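Here's the letter readout for the chains.
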Amino acid sequence: MSTPAPASALAALGIDIGGTKVAGGVVAPDGTVLATARRATPGSSVSDTEDAIAAVVEELAAGHDGELVGVGIGAAGWFDRAGDTVLFSPHLAWRHASLRKDLSARLQRPLWVGNDADAAAWAEYRYGAARGADLALMVTLGTGIGGGIVLDGRLRRGSHGVAGEWGHMRVVPDGRLCACGNRGCWERYASGTALGQTAREVAGTSPAAAALLLERVDGDASRLTGEDVARAASDGDPLALELVTEVGVWLGQGIADLAAVLDPEVVVIGGGVSVLGEMVLGPARERLERALPGRGFRPGPRIVAAELGAQAGLVGAADLVRRAVAEGDG
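Residues numbered from 1 in each chain as written. Predicted model: local features only at pLDDT ≥ 70, side-chain atom pairs only at ≥ 80, totals over all residues. Heavy atoms only, no water.

Draft legend 1. Just the overall build of the protein chain, in detail. Assigned secondary structure in the protein chain consists of nine helices and 13 strands. Rg of the C-alpha trace for the protein chain: 20 Å, near the compact-globule value of 20 Å for 330 residues, within the 12% margin. With the C-alpha coordinates of the protein chain rotated into their principal frame, the extents come out at 75 × 50 × 35 Å. When burial is assessed residue by residue, the protein chain has 52% of its 330 residues classed as buried. Partitioning the contacts of the protein chain with sequence separation of at least 6, the portion at a separation of at least 24 is 62%. Here the protein chain displays about 14600 Å² of accessible surface, and carbon together with sulfur accounts for 50% of that area. Charged side chains of the protein chain number 30 positive and 40 negative; the gap between the two group centres comes to 3 Å. (Helix = DSSP H or I, 4+ residues; strand = E, 2+ residues; numbered from the N terminus. Rg over C-alpha atoms; globule rule 2.2 N^0.38 Å. Buried < 20%, exposed > 50% of the residue type's maximum accessible area, 1.4 Å probe, protein only. Contact = heavy atoms within 4.5 Å. Areas by Shrake-Rupley, 256 points an atom, 1.4 Å probe, with all protein chains shown as cover. Lys, Arg positive; Asp, Glu negative; His and termini not counted. Charge placed at Lys NZ, Arg CZ, Asp CG, Glu CD.)

Written out as C-alpha cells, the structure is:
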C-alpha cells in the first residue's frame with residue numbers, strides 16, 4: 001500500500017481576485033504554474049463574485065490529474081488576522097463578509113484567505129527576488145500602494161490583519177485627498193493613480209509642455225492616465241520621464257521612512273508601475289541614499305524589482321494554503 005504524499009509535495013490552487021478578473025492557477029511546490037483559468041469579477045455582487053471563484057476552482061480541479069492540497073485566495077482588501085473576514089475591499093462588494101466560512105462550505109477544500117499583496121510578498125520570498133531574506137518588504141505600485149512583510153520565514157499580517165498598507169502613510173501634511181479619508185497619503189504621490197493625476201495637472205496648466213502627452217488623448221487632458229504616461233516615458237517623452245522620475249523619488253522617500261521603522265534587508269517593488277523598471281527604481285535608490293536616517297553610518301535596504309510578475313499573488317496564495325495544511329492549520 002503506497003504512502004500518501006505529504007502536503008508539501010502536492011500542487012495547490014491559487015486564486016487572485018482583482019477588480020476586473022478572478023485569475024487562478026494550479027501551482028506546483030516549486031512555484032511553477034501548471035495551468036491557469038480566469039473569469040470576470042462581478043465586483044458589485046458578493047454572491048456573483050463567489051460564483052466566479054467557484055467556477056475557476058472547478059475548472060482547474062477538473063483539468064488537474066492528481067491530488068490538490070487546497071485553495072489559497074488573495075484579494076485586494078483588508079482582512080482580519082485569521083483571514084476569516086473581509087473587513088473592507090475597495091473594488092469589490094465585501095464589507096465585514098465571512099468569506100472563508102462561505103467559501104469553505106462551498107468548495108469543501110482547505111483554504112487560505114488573505115490580502116493579495118501579502119500573497120505576492122510571500123511568493124517573492126519563497127521563489128523570487130526576496131529569497132532567503134530575514135526581513136523582506138513588498139511594495140506593490142498600482143492604482144494605489146499595498147504590500148506585505150515576511151520576517152524570519154513567516155508572513156506577518158499584524159495584530160488586526162492589516163499590516164503592510166504602506167500607501168496610507170502620510171507623507172504630505174494636508175496634501176492630496178485619499179480614498180481612505182486622510183490627506184497626503186504616500187499612494188497619492190507614488191502610484192499609477194498619482195502618475196496620471198500629476199500629468200493631468202501639468203497638462204491643464206501647461207499644455208505646451210505636455211504636447212506629446214496630449215497627442216495620445218486627442219488633446220483631452222482629463223483622459224490622461226498613468227498608463228499613458230508610462231508608455232510615453234518608455235518612448236522617451238521628456239515630460240513623461242520627468243513625471244516617472246518624480247514617482248521614483250517619492251517611492252525612495254517612503255522606503256527611507258519604512259527603513260527607519262523596520263530596517264528591512266530588501267524591499268521588492270511589484271505591481272503595474274514596476275514594469276517601468278530602472279526609470280522608477282533608479283530615482284528611488286538615489287532618494288533612499290539621501291533620505292535614509294543615519295545615512296553614511298548604517299546600511300540601507302536593497303531595492304529590487306519583483307520577479308514573478310502578475311502571477312505572484314496566485315503563486316503565493318497557493319503556497320500559503322500548502323504551508324497551512326502541512327502545518328496542520330488548513
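Text resumes after the structure shown.
Draft legend 2. Representation of the environment of Gln311 within the structure. Structurally, the position occupied by Gln311 is in the loop between strand E13 (302–305) and helix H9 (312–326). Distance in space between the C-alpha atoms of Gln311 and Gly70 is 18 Å, their sequence separation being 241 residues. With residues near it in sequence (within four places) discarded, Gln311 still touches Val33 and Thr36.

Draft legend 3. View of the sheet that holds strand E3 (residues 33–40). Strand order in the open sheet formed by five strands is E3-E2-E1-E4-E8, with mixed pairing between adjacent strands. Only two strands of the sheet have a single partner each, and these edge strands are E3 and strand E8 (111–115). For this sheet, the mean inter-axis angle between neighbouring strands, taken without regard to orientation, is 15°. Across six bridges, strand E1 (residues 11–17) lies against strand E4 (residues 68–75) in parallel orientation. What sits directly across from Asp16, in E4, is Gly74. Strand contacts of helix H2 (residues 99–107): E4 and E8, with the helix running at about 150° to E8, the strand carrying the most contacts. Of the strands in this sheet, E1, E4 and E8 touch helix H3 (residues 116–127), which is tilted by about 105° from E8. (Pairing = 2+ DSSP bridges. Axes fitted to C-alpha atoms, helices over the stretch in contact; angles between N-to-C directions.)

Draft legend 4. Representation of empty space enclosed by the protein in the model. Per the counting criterion, the structure on display carries three cavities of 30 Å³ or more. Of the pockets and cavities examined, the largest cavity occupies roughly 50 Å³. As for the largest cavity, its lining consists of Tyr189, Ala194, Leu195, Thr198, Leu243, Glu246 and Val247. Every element with two or more residues in the lining of the largest cavity is listed here: helix H4 (192–205) and helix H7 (238–262). Taken together, the residues of the lining of the largest cavity break down into five nonpolar, one polar and one charged. (1 Å grid on protein atoms, 1.4 Å probe; cavity = no way out; pocket = protein on both sides within 12 Å on 5 of 7 lines; lining within 4 Å. Points joined across faces, edges and corners; volume = space filled by probe spheres on them. Nonpolar A, V, L, I, M, F, W, Y, C, P; charged D, E, K, R; others polar.)

Draft legend 5. Spatial organisation of the nonpolar core. Val139, Trp186, Leu213, Leu251 and Ile269 are the most contacted members of the largest nonpolar core, which totals 43 residues. Where this core is concerned, the elements lending two or more residues are strand E9 (135–141), strand E10 (145–151), H4, helix H5 (211–215), helix H6 (226–234), H7, strand E12 (266–270) and helix H8 (278–291). Considering each element in turn, this core owes the most residues, 10 residues, to H7. If we skip the residues at most four places from it in the chain, Ile269 touches Val139, Leu141, Leu251, Ile255, Ser274, Leu281, Ile303, Val304, Ala305 and Ala306. (Core = buried A, V, L, I, M, F, W, Y, C linked by side-chain atoms within 4.5 Å.)

Draft legend 6. Structural context of the pairing of E4. The buried fraction of E4 is high, at eight of eight residues. Strand direction decides the pairing type here: E4 and E8, joined by five bridges, are parallel. Residue pairing for E8: Ala75 is matched across the bridge by Asn115.

Draft legend 7. Up close: unusual backbone geometry. Positive phi outside glycine occurs at Gln108, with the angle close to 55°. On the secondary structure map, Gln108 appears in the loop between H2 and E8. Phi is positive for Asp152, close to 50°, though the residue is something other than glycine. Within the element layout of this structure, Asp152 appears in the loop between E10 and strand E11 (154–156).

Draft legend 8. A look at H6. Every buried residue of H6 is listed here: Gly226, Asp228, Val229, Ala230, Ala232 and Ala233. Buried residues along H6 sit against H4, H5, H7 and H8. Residue Gly236 follows H6 closely and has a positive phi angle near 95°.

Draft legend 9. Spotlight on the side chain of Asp118. Relative to the helices and strands, Asp118 is located in helix H3. Despite its burial, Asp118 remains without a salt bridge, the nearest opposite charge being carried by Arg157 at 4.1 Å. Once residues within four sequence positions are removed from consideration, Asp118 is found in contact with Gly147, Gly148, Leu155, Arg157 and Ala163. (Salt bridge = Lys/Arg side-chain N within 4 Å of Asp/Glu carboxyl O.)

Draft legend 10. Structural context of the sheet that holds E10. Spatially, five strands are ordered E11-E10-E9-E12-E13 in an open sheet, and the strand pairing comes out mixed. Because the sheet does not close on itself, it has two edges, and the strands there are E11 and E13. The average angle at which neighbouring strand axes cross in this sheet is 25°, direction not considered. In the sheet, E9 pairs with E10 via seven bridges, with the strands oriented antiparallel. Looking at E10, one finds that Leu141 is bridged to Ile145. Sitting on the sheet, H7 is in contact with E9, E12 and E13, with an inclination near 150° to E9.

Scope: geometric values only; no functional claims are made or implied.
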